[in-house]
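Each chain, written out:
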Amino acid sequence: MASISLKGVTKVYPGNVKAIDNFNLEIIDKEFIIFVGPSGCGKSTTLRMIAGLEDITEGELFINDRKVNDVPPKDRDIAMVFQNYALYPHMTVFKNMAFALKLRKVPKDVISQKVHEAAHILDIERLLDRKPKALSGGERQRVALGRAMVRDPAVFLLDEPLSNLDAKLRTAMRSEISKLHKQLATTFVYVTHDQTEAMTMGDRIVVMKGGIIQQIDTPQNLYDSPCNIFVAGFIGTPQMNFLSAVVEKHGGGYVAKCCGTAFPLLTVPEETIAEYAGREVTLGIRPEDIHLEPEYMANPELGVITANLELSEMMGSEIYLYLNCEGNKLIGRVPSRFGAQTDSKMTLGIDCEKLHVFDPATDGKLGL
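Now for a look at the structure at hand.

Before going further, it helps to spend a moment on the sheet that holds strand S13 (residues 261-264). Read from one edge to the other, the open sheet built from five strands follows the order S13-S12-S11-S14-S20, with strand pairing classed as antiparallel. Taken across any chain shown, the strands that pair with only one partner, and hence form the sheet edges, are S13 and strand S20 (356-358). Direction aside, neighbouring strands of the sheet carry axes that sit 45 degrees apart on average. Relative to strand S14 (residues 280-285), strand S11 (residues 241-250) is paired through six bridges, and the arrangement is antiparallel. Looking at the pairing, Leu 243 lines up with Leu 283 of S14.

Okay, structure coming up:
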């Protein structure tokens, strides 16, 4: 098993293009950690540096307290699963899975045992005599995982392994990989641009933007307490609503005026929000914190707004409401029992106990 430590890791490509800037992370033994972010944020580059496929420009990389900056990939005790699976088309599934062991001159009976054990776990024993062209995308993905498993690596590195699969198969494979992690009890480092994958699979998530770590936390904490506007908008489906508001003193507390109403600022300490009196802040509202239930409207801890419904999307058990409130665009997520007619006025309650308040100058969250 293995822990991984990245200390001040930086990657600069020719032309002074900085892909990764001062990356610091401690990955504990047996952890399932996920790098997530938009395309070009540097997550795959970081994974490739851990694998030894990219040189580190600055900083130090340790696997199990052993510095591996200059250690070749084959000596790092890692196995990598690529986005395109990278299977040898002329070899059978058995030979694809056995190839790395054969290069190591592992005895044939041991190879056969390891391949069949991995194939049993992944339910691909019936496929061992087939070639990759005769496999579906999900079956190829399992073969790629099996090829990594037979090596008994200390670390599994997975680079967007599900991006080529259809939505239904992606959902099924997410749970399969999570079960595999528990079964193997080893360290997994997983790269994806899909925040749903990140939220459902990882013990911790590293959110990246422009080669810089934005936040490292558990899925629930990322969702409940994003540290800045980027993380708040990236994590969650549909994404968080953002509104520009002005802070004012009101009675014994402070409110943010926006959308024709005053939202009580209950989530920020008074000494912090007092500094913003008369200034603009950005309010963040999750779609599920917009309510239609009549009992919510009388709650003093809600800001009640009137908005025009521009579009509704039936999603089965819930409806997405696309709203316009005095020029501000909002998305609400409500139970499907609430009928909604396009181009109608709606009265809605915003749960102010769930408001996120950000400084528009720094994008940082207030009250953290």
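This part is about a positive patch on the surface. A cluster of basic side chains, namely Lys 95, Lys 102, Lys 108, Lys 131 and Lys 133, defines a positive patch on the protein surface. Take Lys 95: it is sitting in helix H2 (residues 93-103). With relative accessibility at 52%, the residue Lys 95 sits in the exposed group.

Another point: the sheet that holds strand S4 (residues 58-63). Strand order in the open sheet formed by four strands is S2-S1-S4-S5, and the pairing between neighbours is antiparallel. Single-partner strands in this sheet number two, and they are strand S2 (17-27) and strand S5 (66-67). The pairing of strand S1 (residues 4-13) with S2 spans seven bridges and is classified as antiparallel. Paired with Tyr 13 across the bridge in S2 is Val 17.

Look at helix H3 (residues 108-122): 21 Å from first C-alpha to last across 15 residues, which is about the 21 Å you get at 1.5 Å a residue. Those residues of H3 lying buried are Ile 111, Val 115, Ala 118, Ala 119 and Leu 122. Across the axial projection of H3, the buried residues extend over an arc of 100 degrees, all falling on one side. In H3, those exposed residues whose orientation departs by more than 90 degrees from the buried face are Asp 109 and His 120. Those residues of H3 that are buried are in contact with H2, helix H4 (137-149) and helix H5 (167-184). Looking one or two residues beyond H3, the residue adopting positive phi is Asp 123, at roughly 60 degrees.

A few words on the pattern of salt bridges. Pairing between side chains of opposite charge can happen when their charged atoms approach one another. Tallied over the entire structure, the rule returns 16 salt bridges. Put simply, Arg 204 and Glu 31 hold a salt bridge, and the shortest N to O gap is 2.5 Å. Of this pair, Arg 204 sits in strand S9 (residues 204-209) while Glu 31 sits in the loop between S2 and strand S3 (32-36); the two residues are 173 residues apart in sequence, bridging distant segments of the chain. A salt bridge links Lys 179 to Glu 176, with the nearest nitrogen and oxygen atoms 3.4 Å apart. In this pair, Lys 179 and Glu 176 both sit in helix H5, three residues apart, roughly one turn of the helix.

With seven bridges connecting them, strand S16 (residues 302-314) and strand S19 (residues 345-351) associate as antiparallel partners. Bridging across to S19, Val 304 finds its partner in Gly 349. Where S16 folds back onto strand S17 (residues 318-325) in an antiparallel hairpin, the turn is made up of three residues, including Gly 316, whose phi is positive at roughly 95 degrees.

The rules behind these values
- Residues numbered from 1 in each chain as written.
- Predicted model: local features only at pLDDT ≥ 70, side-chain atom pairs only at ≥ 80, totals over all residues.
- Heavy atoms only, no water.
- Pairing = 2+ DSSP bridges.
- Helix = DSSP H or I, 4+ residues; strand = E, 2+ residues; numbered from the N terminus.
- Axes fitted to C-alpha atoms, helices over the stretch in contact; angles between N-to-C directions.
- Patch = residues over 30% accessible without salt bridge, like charges linked within 9 Å, V, L, I, M, F, W, Y side chains within 5 Å.
- Areas by Shrake-Rupley, 256 points an atom, 1.4 Å probe, with all protein chains shown as cover.
- Salt bridge = Lys/Arg side-chain N within 4 Å of Asp/Glu carboxyl O.
- Lys, Arg positive; Asp, Glu negative; His and termini not counted.
- Charge placed at Lys NZ, Arg CZ, Asp CG, Glu CD.
- Buried < 20%, exposed > 50% of the residue type's maximum accessible area, 1.4 Å probe, protein only.
- Expected span 1.5 Å × (residues − 1).
- Arc of directions from axis to C-beta.
- Contact = heavy atoms within 4.5 Å.

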